[in-house]
Amino acid sequence: MGKAKKNENKIIVIGFPPGTDDEGLEAMCDPYGKVYGAHVVGYNVETGESRGYGFVTFADAEGVTAAIEGMHKTTVEGRTLNVRTVDDQEDKKTKKQTSKVRVLPLPPPPLAPPPPPLCAPPPASRRGDLQRSPPHRL
């Protein structure tokens, strides 16, 4: 078999109460399937509480699907959960990176030469034409 993807069967849970730790996140997800690991990230340095998001790895894709269907947009202690696969998160990150690329407009096409005048001006005289020739002597 091929090598498993790093984020296979992994979800991100956003919006749980600040007091939730790894065990609390695992307990929240356990009813939906076998949980291999739950990790709360983003702790507030001053308070020591989580910022309300973490990752959960399930044993199989069925657990991932059940957790997303069962937990997404539900309310826990007055907070709405946002649950999705980590692959979705990576896709959004990729989209954000590509959306930061600035697309510059194309320069305008070169201007067409002006149309010829309806009446042509007399040809420009040369300096020698302006001088008078000496009178002819007979």
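Reading guide: rules and limits
Residues numbered from 1 in each chain as written. Predicted model: local features only at pLDDT ≥ 70, side-chain atom pairs only at ≥ 80, totals over all residues. Heavy atoms only, no water. Helix = DSSP H or I, 4+ residues; strand = E, 2+ residues; numbered from the N terminus. Buried < 20%, exposed > 50% of the residue type's maximum accessible area, 1.4 Å probe, protein only. Contact = heavy atoms within 4.5 Å. Areas by Shrake-Rupley, 256 points an atom, 1.4 Å probe, with all protein chains shown as cover. Phe/Tyr/Trp six-rings, centres within 6.5 Å; stacked < 30°, edge-to-face > 60°. Lys NZ or Arg CZ within 6 Å of the ring centre and 35° of its normal. Arc of directions from axis to C-beta. Core = buried A, V, L, I, M, F, W, Y, C linked by side-chain atoms within 4.5 Å. Pairing = 2+ DSSP bridges. Axes fitted to C-alpha atoms, helices over the stretch in contact; angles between N-to-C directions. pLDDT = per-residue confidence, 0-100.

### Considerations on the overall build of the chain
Across its full length, the chain holds 4 helices and 6 strands. Taking all 138 residues of the chain together, the buried fraction comes to 22%. Within the chain, contacts between residues at least 6 apart in sequence are counted, and of these 58% link residues at least 24 apart. Accessible surface, the chain as shown: approximately 11300 Å² in total, 57% of it carbon and sulfur.

### Describing the packing of aromatic side chains
Under the definition given, this model contains 0 aromatic pairs. If you follow Lys 10 out to its NZ or CZ, it ends over the ring of Phe 55, 5.7 Å from the centre.

### Some details on helix H1 (residues 22–29)
Those residues of H1 lying buried are Leu 25, Met 28 and Cys 29. Down the axis of H1, the smallest arc covering the buried residues is 90°, so these residues share one side. Exposed residues lying more than 90 degrees from the buried face of H1 are Glu 23 and Ala 27. Looking at the buried residues of H1, the elements they touch are strand S1 (10–14), strand S2 (35–43), strand S3 (50–58) and helix H2 (61–71).

### Description of unusual backbone geometry
Unusually for a residue other than glycine, Lys 73 sits at a positive phi of about 65°. For Lys 73, a relative accessible area of 55% translates into the label exposed.

### Concerning the nonpolar core
Ranked by internal contacts, the top residues of the largest apolar core, which has 16 residues, are Ile 11, Val 13, Leu 25, Cys 29, Val 56, Phe 58 and Met 71. In this structure, Ile 11 is in contact with Cys 29, Gly 54, Phe 55, Val 56, Phe 58, Val 64, Ala 67, Ile 68, Val 83, Arg 84, Thr 85 and Val 86, ignoring residues within four places of it in sequence.

### Digging into the sheet that holds S3
Spatially, S2-S3-S1-S6 is the arrangement adopted by the 4 strands of the open sheet, whose pairing is antiparallel. This sheet does not close on itself; its edge strands, each paired only once, are S2 and strand S6 (82–85). Each strand axis lies, on average, 20° off the axis of its neighbour in the sheet, ignoring direction. Two strands pair when backbone bridges link them, and S2 and S3 are joined in this way by 7 bridges, in the antiparallel orientation. If you follow Val 41 over to S3, its bridge partner there is Tyr 53. Docked against the sheet, H1 engages S1, S2 and S3, running at close to 130° with respect to S2. H2 contacts S1, S3 and S6 of the sheet and is inclined by roughly 155° relative to S6.

### A look at the confidence of the model for the chain
This prediction gives the chain a mean pLDDT of 80; 71% of its residues lie at or above 70. Averaged pLDDT values over the elements of the chain bottom out at 52 in helix H4 (residues 127–130) and peak at 96 in H2.

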